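The primary structure of each chain is shown beneath.
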Amino acid sequence: MSRLHPENHLVARIGWLRAAVLGANDGIVSTASLVVGVAAASATPSAILLTGVAGLVAGAMSMAAGEYVSVSSQSDTEAADLAREAQEIADRPEAEHSELAGIYMRRGLDAGLAREVARQLMEKDALGAHAHDELGLTPGSAARPIQAALTSAATFSVGAAMPLLMAAIAPPRLLVPLVVAGSLVFLAILGALGARTGGAGTLKPTVRVTFWGALAMAVTSAVGAIFGAVG
C-alpha cells in the first residue's frame, strides 16, 4: 500500500522572503550608519534621533517605491510575454506544439512520448504549459508589486527601529558602541533567520550580512568624524 509523501518546498517563499530580508537589512544598516555617522560628527542627542527618524521614514518610503516600480516592471514583462505566447498559440498551434515537445525531448523524453505529453498538456491548458515550461513562469514566482512594496516598507521600518531604539536609550558617551554592537547582533539574527526560513545554512548568510553592516557603519563613522573635525 502506497503512502502519500507530502513535500514542503520553500521556493514559493522566495518573492516575499527576498523583499523582507532586503527591507530589514537595509533598515538596520542605513539607520545605524546614519546614527553612527552623525554621532561621530559630534551632533547633539536630539539631532542624532531626529536624523534617525528622518532616515526611517525616508527609507521606508524609498524602499516601497523602489520595490513597487521594480516588481511592476517585472510583472509588465511577464504579462507581455504571456500575451505574446497566447497569440502565437492561436496563430501557430502546430509550431507551438512542436516547440513544447522539443523542450520535453531535451529533458530526456523520447520523441513520441514528448509529442503526446505536449498534446495532452496543450489540450488542457496550452498557455499554462508554455508559461511553465517555455517561459519558466509559475504561480509561486509571479511578480506581486504591492506585496513586495508593503513587505519592504514594513520590514525596513522594523529594522530601522532597532538601532533607533538603541540610540534613544543609550547614554551619550556609549551611544556609538552600543548602536554598533546592537546593530551587528540584529544583523546576525536577521541573517540566520532569513537563511533558516529559506531552508539554507545559517553561517555564510550570517557572516555576510554582519560583515557588510560593519563595513557600512565604519565608513559612515569615518566620514562623520572627518566632517565633524572640519566643522
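Residues numbered from 1 in each chain as written. Predicted model: local features only at pLDDT ≥ 70, side-chain atom pairs only at ≥ 80, totals over all residues. Heavy atoms only, no water.

Per an unreviewed UniProt entry, the protein goes by the name VIT family protein and belongs to Sphingomonas sanguinis. Of the protein, the UniProt comment under Subcellular location (unreviewed entry) reads exactly: "Endomembrane system". (UniProt positions renumbered as here; feature names shortened; annotations may be inferred.)

*Asks:* Looking at this structure, I do not really get the confidence of the model for the protein. What am I missing?
*Replies:* Low-confidence regions, as indicated by low pLDDT, have predicted coordinates that should not be scrutinised in detail. Summing up the model confidence of the protein, the mean pLDDT is 83 and the portion of residues at 70 or higher is 87%. Mean pLDDT in the protein bottoms out at helix H1 (residues 14-40), which sits at 82, and peaks at helix H3 (residues 93-106), which reaches 90. Within the model, the stretch residues 4-13 combines pLDDT values under 50 with six contacts to residues more than four positions away or in other chains. (pLDDT = per-residue confidence, 0-100. Helix = DSSP H or I, 4+ residues; strand = E, 2+ residues; numbered from the N terminus. Contact = heavy atoms within 4.5 Å.)

*Asks:* Honestly, the packing of helix H2 (residues 45-91) against helix H4 (residues 111-133) in this entry has me stumped. Any pointers?
*Replies:* What describes two packed helices is the angle between their axes and the distance between those same axes. In contact at an axis separation of 9 Å, H2 and H4 are set at 140° when each is read in the N-to-C sense. Between H2 and H4 lies a crossing whose hand is right-handed. Contact with H2, carried on its side by Leu82, Glu85, Ala86 and Ile89, involves Met122, Ala126, Leu127, His130 and Ala131 of H4 and no other residues of that element. Here the contact of H2 with H4 is built from residues that sort into seven nonpolar, one polar and one charged. (Axes fitted to C-alpha atoms, helices over the stretch in contact; angles between N-to-C directions. Left-handed = near helix turned anticlockwise from the far one by under 90°. Nonpolar A, V, L, I, M, F, W, Y, C, P; charged D, E, K, R; others polar.)

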